[in-house]
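Report on the structure
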Amino acid sequence: DSGVTQTPKHLITATGQRVTLRCSPRSGDLSVYWYQQSLDQGLQFLIQYYNGEERAKGNILERFSAQQFPDLHSELNLSSLELGDSALYFCASSVVAGGFTDTQYFGPGTRLTVL
Amino acid sequence: AQKVTQAQTEISVVEKEDVTLDCVYETRDTTYYLFWYKQPPSGELVFLIRRNSFDEQNEISGRYSWNFQKSTSSFNFTITASQVVDSAVYFCALSESRGGSEKLVFGKGTKLTVNP
């Protein structure tokens with residue numbers, strides 16, 4: 001158990017819908033990262049937050065957004081869902097950001113299926 | 001641009017065989033970190049090792065060992081006396097610290113199957 005929690009574990013929805021994925025980092029970790037794992041693209045970085053502020057963006061679609069709250073949990077919002085958004089979405093957390101690379105510990109993932 | 005290549009898509013071995021998973025990386029930076037993660041059939045990503053670019057010492061942890069060679073930009077992972085429980089997809093990843101972000105760039109993964 002990495003200490004990172006993600007809910008829900010599975011999500012099945014229809015095209016055009018909006019969903020919210022939730023992540024709670026390990027105790028003491030200030031950075032949260034979101035990654036998408038799909039069969040064709042592999043594991044790809046989406047976005048990073050550090051202590052409530054956006055720190056870096058990867059290949060994140062405009063239909064996707066995220067935020068980190070004062071209690072450091074994070075939510076990834078996916079809207080206008082398409083079939084191609086079906087994937088495993090991971091959240092990871094680490095202690096710091098900037099000037100020092102800490103290990104990222106991953107949550108169990110949320111499997112999103114868009115029908 | 002950063003890139004991680006895991007040329008072996010799938011490897012199948014018989015229990016107790018030794019197996020080496022290859023990882024080749026590309027980066028322009030002198031300071032970087034390399035990682036290995038394991039993804040068992042249950043789906044979670046399990047951290048195995050982190051190595052920085054200044055530490056080329058090989059590392060051994062039980063049946064696992066890692067060989068980091070800067071000259072060939074490789075960070076290979078060897079499992080000695082493999083077991084069925086080692087069956088998983090293994091990912092090599094590279095991180096650069098830029099602008100306060102330590103995003104990971106992953107290879108495509110190597111699926112290891114250990115048969116009894």
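Residues numbered from 1 in each chain as written. Chains lettered and ligands numbered in written order. Predicted model: local features only at pLDDT ≥ 70, side-chain atom pairs only at ≥ 80, totals over all residues. Heavy atoms only, no water.

**Quick look at the overall build of chain B**
If you tally the helices and strands in chain B, you get zero helices and 12 strands. Element order for chain B, N to C, with α for helix and β for strand: β-β-β-β-β-β-β-β-β-β-β-β. Over its C-alpha atoms chain B spans a radius of gyration of 14 Å, differing by no more than 12% from the 13 Å that the globule rule assigns to 116 residues. C-alpha atoms of chain B, sized along the principal axes, occupy 45 × 30 × 20 Å. In chain B, the proportion of contacts linking residues at least 24 apart, taken out of those at least 6 apart, comes to 55%. (Helix = DSSP H or I, 4+ residues; strand = E, 2+ residues; numbered from the N terminus. Rg over C-alpha atoms; globule rule 2.2 N^0.38 Å. Contact = heavy atoms within 4.5 Å.)

**Remarks on the pairing of strand E8 (residues 74–78) of chain A**
Residue and element names in this part refer to chain A. With respect to burial, E8 is a largely interior element, five of its five residues being buried. Along E8, one buried face is formed by Ser74, Leu76 and Leu78 and the opposite face, lined by Glu75 and Asn77, is buried too. Looking at chain direction, strand E3 (residues 19–24) and E8 are connected through five bridges and run antiparallel. Residue pairing across strands places Arg22 opposite Glu75, the latter belonging to E8. (Buried < 20%, exposed > 50% of the residue type's maximum accessible area, 1.4 Å probe, protein only. Pairing = 2+ DSSP bridges.)

**Overview of the pattern of salt bridges**
Under the defined criterion, the tally for this structure stands at six salt bridges over all chains. Across the pair Asp55 of chain B and Arg51 of chain B runs a salt bridge whose closest N-O atoms are separated by 3.6 Å. The class for Asp55 of chain B is partly exposed, based on a relative accessible area of 29%. Among the charged side chains, a network of salt bridges with common partners joins Arg63, Glu82 and Asp85 of chain A. (Salt bridge = Lys/Arg side-chain N within 4 Å of Asp/Glu carboxyl O.)

**Quick word on the side chain of Ser53 of chain B**
Looking at the element boundaries, Ser53 of chain B is found in the loop between strand E6 (46–52) and strand E7 (59–61). Sequence-distant contacts of Ser53 of chain B, that is, excluding residues within four places in its chain, are made with Thr30, Thr31, Tyr32, Phe68 and Lys70 of chain B.

**Quick notes on the nonpolar core**
Residues and elements named next belong to chain B. Counting residues in each nonpolar core, the largest one holds 25 residues, and the members touching the most others are Trp36, Trp66, Phe77, Tyr90 and Leu112. Among the secondary structure elements, those contributing two or more residues to this core are strand E2 (10–14), strand E3 (19–21), strand E5 (33–39), E6, strand E8 (64–69), strand E9 (74–79), strand E10 (88–95) and strand E12 (110–115). It is E10 that contributes the most residues to this core, four residues altogether. Setting aside chain neighbours within four positions, we find Tyr90 in contact with Gln6, Leu21, Trp36, Tyr37, Lys38, Leu48, Tyr64, Phe77, Ile79, Gly109, Thr110 and Leu112. (Core = buried A, V, L, I, M, F, W, Y, C linked by side-chain atoms within 4.5 Å.)

**A look at unusual backbone geometry**
The omega angle of the peptide bond from Thr7 of chain A to Pro8 of chain A is -10°, so this bond is cis rather than trans. As for its position among the elements, Pro8 of chain A is in the loop between strand E1 (5–7) and strand E2 (10–13). For Lys16 of chain B, which is not glycine, the phi torsion reads 80° and is therefore positive. Phi is positive for Ala81 of chain B, close to 50°, though the residue is something other than glycine.

**Concerning the state of the cysteines**
Residues and elements named next belong to chain A. One pass over the full model with this rule turns up two disulfides over all chains. Through a disulfide, Cys23 is tied to Cys91; the S-S separation comes to 1.8 Å. Handedness here is read from the sign of the S-S torsion; for Cys23 and Cys91, about -50°, the answer is left-handed. Within this pair, whereas Cys23 is found in strand E3, its partner Cys91 is found in strand E9 (residues 87–94), the two being separated by 68 residues in sequence. The same class applies to Cys23 and to Cys91, which are both buried. (Disulfide = S-S within 2.5 Å.)

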